[in-house]
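One letter stands for each residue in the lines below.
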Amino acid sequence: MITYLIIGITVVLSFICFSNRELFMKLAFIPYRTIRNHEYYRIVTHGFIHADMTHLLVNMFTFWSFGLYIERTFRYMGFGKGAYLALYFGGMIVASLYDLIKRRNDPYYVSIGASGAVSAVLFTSIFLDPWGKILFFAVLPVPGIVFGLLYLAYCQYMAKQTGDNINHNAHFYGAIYGLIFPMLLEPSLLHLFLSQLTFKG
């Protein structure tokens, strides 16, 4: 499955970059270098490297948890592998655009990790099954739609704070992309989403 392939590549590259600073800096998302040197590949390659084991494990576990479900669901709905890849890498790219513009003149800004792409997959899962349970703080099961609203509010709040070295904007815009993406594939899915909210709510 594509999910396992992406996880495998991400784990291998992340492990290599843990001890190879030169490669790390070559692959990381640095808006200043991306624009100045036309190194636009960074918008994608940064999603394959992580800061440490915790960062890597959290992202890949979340991706595994929801990616397999979305990959199977897309196949069942007839969307194919291309749609799944467009979701993952589209989320990664869209999640980077805000900082690409805002940080383009900051040579010291560096962003890494698959969080934007993973958020996109997670929120597509919420869109397709809004009342499915998600573990809040990895303990408390809450409906996906409730988790999603709390997640978006948290990202917006934390994006205005400073000091935790987490790219909350990437989480937020990746999530929004994940909510919109299914409707780009099939506009009628909006009706399904709204009907699920009405029926279950």
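All values derive from a computational prediction rather than experimental measurement.

Can you tell me about the nonpolar core, naming the residues and giving the values?
Judged by nonpolar contacts, the single largest core of 37 residues is most densely connected at Phe 63, Phe 74, Leu 87 and Tyr 88. In terms of residue count, the dominant contributor to this core is helix H7 (residues 115-128) (nine residues). With sequence-adjacent residues up to four places away left out, Phe 63 is seen in contact with Thr 3, Ile 6, Ile 7, Leu 68, Tyr 84, Tyr 88, Val 118 and Val 121. Among the nonpolar cores identified, the runner-up in size contains eight residues, and Met 25, Ala 28, Ile 30 and Ile 49 belong to it.

Tell me what's going on with the UniProt feature "transmembrane region" (unreviewed entry) in the protein, and back it up with residues and numbers.
Under the present numbering, the feature "transmembrane region" (unreviewed entry) in UniProt falls on residues 6-24, 44-70, 82-101, 108-128, 134-154 and 175-194. With 74% helix and 0% strand, residues 44-70 has end C-alpha atoms that lie 21 Å from one another. End C-alpha atoms of residues 175-194 are separated by 18 Å, and the span's content is 85% helix alongside 0% strand.

So what about the environment of Val 44? Which residues, and what values?
As for its position among the elements, Val 44 is in helix H4 (residues 42-45). Separated by 108 residues in sequence, Val 44 and Leu 152 have C-alpha atoms that sit 23 Å apart. If we skip the residues at most four places from it in the chain, Val 44 touches Phe 89, Met 92 and Ile 93.

Please give an account of the packing of aromatic side chains that cites residues and values.
Across all of its chains, the model carries 13 aromatic pairs by this definition. Summarising the aromatic geometry, the rings of Phe 63 and Tyr 88 are spaced 4.7 Å apart at their centres and angled 40° between planes, so their arrangement reads as tilted. Of the two residues, Phe 63 is situated in helix H5 (residues 53-76) and Tyr 88 in helix H6 (residues 80-102); the sequence distance between them amounts to 25 residues. Site record: aromatic cluster; members linked through ring pairs are Phe 48, Phe 63, Tyr 88 and Phe 89.

Pulling in residues and values, what's your account of the side chain of Thr 3?
Residue placement: Thr 3 occurs in helix H1 (residues 2-18). Owing to a relative accessible area of 0%, Thr 3 belongs among the buried residues under this scheme. A polar contact is formed between the side chain of Thr 3 and the side chain of Glu 71, at a distance of 2.7 Å.

Which residues make up a nonpolar patch on the surface, and what values go with them?
A cluster of nonpolar residues, Met 1, Tyr 4, Phe 61 and Trp 64, forms a patch on the protein surface that exposes about 460 Å² of accessible area. Residue class for Tyr 4 comes out partly exposed when judged on its relative accessible area of 46%.

Outline the environment of Tyr 40, listing residues and values.
With respect to the helices, strands and loops of the structure, Tyr 40 is situated in the loop between helix H3 (31-36) and H4. Note on Tyr 40: relative accessible area 41%, which makes it partly exposed. It is 9.7 Å that separates the C-alpha atoms of Tyr 40 and Ile 30, two residues lying 10 residues apart in sequence. Residues contacting Tyr 40, with those up to four places away along its chain left out, are Thr 34 and Ile 35.

Conventions we followed
- Residues numbered from 1 in each chain as written.
- Predicted model: local features only at pLDDT ≥ 70, side-chain atom pairs only at ≥ 80, totals over all residues.
- Heavy atoms only, no water.
- Core = buried A, V, L, I, M, F, W, Y, C linked by side-chain atoms within 4.5 Å.
- Buried < 20%, exposed > 50% of the residue type's maximum accessible area, 1.4 Å probe, protein only.
- Helix = DSSP H or I, 4+ residues; strand = E, 2+ residues; numbered from the N terminus.
- Contact = heavy atoms within 4.5 Å.
- UniProt positions renumbered as here; feature names shortened; annotations may be inferred.
- Phe/Tyr/Trp six-rings, centres within 6.5 Å; stacked < 30°, edge-to-face > 60°.
- Polar contact = N/O pair within 3.5 Å; in protein donor to acceptor, adjacent residues only side chain to side chain.
- Patch = residues over 30% accessible without salt bridge, like charges linked within 9 Å, V, L, I, M, F, W, Y side chains within 5 Å.
- Areas by Shrake-Rupley, 256 points an atom, 1.4 Å probe, with all protein chains shown as cover.
- Salt bridge = Lys/Arg side-chain N within 4 Å of Asp/Glu carboxyl O.

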